Amino acid sequence: MSDSIMPTYGRLSVTFEKGLGAWLWDTSGKRYLDALSGIGVCGLGHAHPAIAATLAQQGSTLIHTSNLYHIPQQQQLADELIRLSGMEQAFFTNSGAEACEAAIKIARLYGHNKGIAMPAIIVAEGSFHGRTLATLSATGNRKIQAGFEPLVQGFIRAKFNNIDELREIAKNSHDAVAILIEPIQGEGGINIPDDNYLNAVRELCHEQGWLMMLDEVQTGICRTGEWFAWQHSDIKPDVATLAKGLGNGFPIGACLVQGPAANVLQPGNHGSTFGGNPLACSVALTVLKIMEDEQLVARTEQLGEQICTNLKQAFADETGVVDIRGKGLMIGIELDRSCDVLLKDALEAGLLISIQADKTIRLLPPFILSDEEADELVTRLVKVITTFLATETVCSLGKVS
Ligand code: PLP
């Protein structure tokens, strides 16, 4: 491999050259079932004809102007996102980290507007919000922060899914102005909070005058069997960040606001050269239209249940599988041991997955899976995991003797 690319990624030794639906083909012609969707991005699968048509049509009409001018596609996309989310306003970015940066800036400005000189944002252990300086400072993973000190100040760290700790912070901190959490932690290992957690956070935020900010970069846009994961409860955040699934691979993100977070950002406070350009917004409009026309929110929920039920059945007697958890097509299979090596085993078996938090296999398959493809995914995965657990047991037994 050429060394003209900075070595920031530990890449697997495979190169894909084409895709169709839930499948990818490598340069040798081998076919892979994509159960990761480019890390939760290509919910509509690869080479979707309607997206290709939008790219061609808008690309040959007008790709980019500037946020110095009105952009009708941006207005339409904002209207659609507002309709689906019940939020009030949108700001468009090019990535998830940028959407979270916007949220962080909104929280700080909101704090300053209330006369708080050093506003602080409560963030969770095990969280992930991006790789820019502010978002890596917000992220609850030392590995991601190490070497980049001094970190951005103004974050208070709390345990995820622990409302009592948030109540303690409320008692002791006069500078807290917002809380930023993922409704389900993705990079942290598919950590799903208790059913009433988001409701309790919402109530506390109301009580304290804190902005409730949800990072829906991974969970948003149909992934969990709702348009937005907060819609599984009967609450609405003040700020929500989106990216990944919104463009199905075309880079676009968004920060949505409502209530006390609306109109906090004023002219000159924030901006982006590319954010919300005609091409990105046209693609995202097509993505939302397909999801709605094909009722993929309901389908995602159903597929998730099918996959989780089948996995639970297959591993009912397997002690090496500690937990199988998921919402919609955001699924984690936690093993009792480190399993990074499974990435390569799965690749060999023609299956794309990821490993999070050392022991959890993460699935983020596309929403357009057929029932047969969903079954095929389970068959391949069960085989890979079963073989891995059997070999590992033999190895460790070998070590003991
Ligand atoms: N927030 C969450 C919850 C994410 O999962 C990610 C990426 O994995 C990000 C933010 C950062 O998004 P991006 O890589 O597009 O900057």
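Please read these numbers as outputs of a predicted model, since none were measured by experiment.

### Some words on the packing of helix H7 (residues 163–172) against helix H8 (residues 197–208)
Contact geometry of H7 with H8 gives a least axis separation of 10 Å together with a crossing angle of 10°. Between H7 and H8, the crossing angle belongs to the class labelled roughly parallel. Packed against H7, whose contacting residues are Ile-163, Leu-166, Arg-167 and Ala-170, the element H8 presents Tyr-197, Ala-200, Val-201, Leu-204 and Gln-208 at the interface.

### Points about the packing of aromatic side chains
The final tally for this structure, using the stated rule, is 3 aromatic pairs. Note on Phe-160 and Tyr-197: the rings are 5.7 Å apart at their centroids and 70° apart in plane angle, and the pair reads as edge-to-face. With Phe-160 in the loop between strand E6 (155–158) and H7 and Tyr-197 in helix H8, this pair connects stretches of sequence that are 37 residues apart. Each of the two residues, Phe-160 as well as Tyr-197, counts as buried. Lying over the aromatic face of Trp-25, Lys-18 brings its terminal NZ or CZ to 5.0 Å of the ring centre. Lying across the ring of Trp-23, Arg-31 places its NZ or CZ 3.5 Å from the centre.

### Looking at the site of the ligand
Around the ligand, a shell composed of Ser-95, Gly-96, Ala-97, Phe-128, His-129, Gly-130, Glu-182, Glu-187, Asp-215, Val-217, Gln-218 and Lys-244 is seen. The separation between an oxygen atom of the ligand and a polar side-chain atom of Gln-218 is 2.8 Å. Within the contact set of the ligand, an oxygen atom lies 3.2 Å away from a side-chain nitrogen or oxygen of Lys-244. Relative to its free-state accessible area of 390 Å², the ligand is covered by the protein chains to the extent of 81%.

### Some thoughts on the layout of surface pockets
Rolled over the atoms, a probe sized like a water molecule indicates the empty space that remains. By volume, the second largest pocket amounts to about 820 Å³. Surrounding the second largest pocket, 31 residues form its lining, Asn-67, Gln-74, Ala-90, Phe-91 and Phe-92 being those nearest its centre. The biggest single contributor to the lining of the second largest pocket is helix H3 (residues 72–85), with 6 residues. Taken together, the residues that form the lining of the second largest pocket break down as 17 nonpolar, 13 polar and 1 charged.

### Observations concerning H8
Along its 12 residues, H8 runs 16 Å from first to last C-alpha, staying within 8% of the 16 Å computed at 1.5 Å per residue. Within H8, burial applies to Tyr-197, Leu-198, Ala-200, Val-201, Arg-202, Leu-204 and Cys-205. Check the buried side of H8 and you find it contacts H7, strand E7 (176–181) and strand E8 (211–215). Two residues or fewer after H8 comes Gly-209, characterised by a positive phi angle close to 70°.

### Things to note about the sheet that holds strand E15 (residues 360–363)
Overall, antiparallel pairing links the 4 strands, which are arranged E11-E12-E15-E14 in an open sheet. The sheet terminates laterally at strand E11 (321–327) and strand E14 (354–356), the two strands that pair on one side only. Between one strand axis and the next, the sheet turns through 25° on average, direction left out of account.

Cut-offs applied
- Residues numbered from 1 in each chain as written.
- Predicted model: local features only at pLDDT ≥ 70, side-chain atom pairs only at ≥ 80, totals over all residues.
- Heavy atoms only, no water.
- Axes fitted to C-alpha atoms, helices over the stretch in contact; angles between N-to-C directions.
- Helix = DSSP H or I, 4+ residues; strand = E, 2+ residues; numbered from the N terminus.
- Parallel < 35°, antiparallel > 145°, perpendicular 65-115°, else oblique.
- Contact = heavy atoms within 4.5 Å.
- Phe/Tyr/Trp six-rings, centres within 6.5 Å; stacked < 30°, edge-to-face > 60°.
- Buried < 20%, exposed > 50% of the residue type's maximum accessible area, 1.4 Å probe, protein only.
- Lys NZ or Arg CZ within 6 Å of the ring centre and 35° of its normal.
- Near = heavy atom within 4 Å.
- Polar contact = N/O pair within 3.5 Å; in protein donor to acceptor, adjacent residues only side chain to side chain.
- Areas by Shrake-Rupley, 256 points an atom, 1.4 Å probe, with all protein chains shown as cover.
- 1 Å grid on protein atoms, 1.4 Å probe; cavity = no way out; pocket = protein on both sides within 12 Å on 5 of 7 lines; lining within 4 Å.
- Points joined across faces, edges and corners; volume = space filled by probe spheres on them.
- Nonpolar A, V, L, I, M, F, W, Y, C, P; charged D, E, K, R; others polar.
- Expected span 1.5 Å × (residues − 1).
- Pairing = 2+ DSSP bridges.

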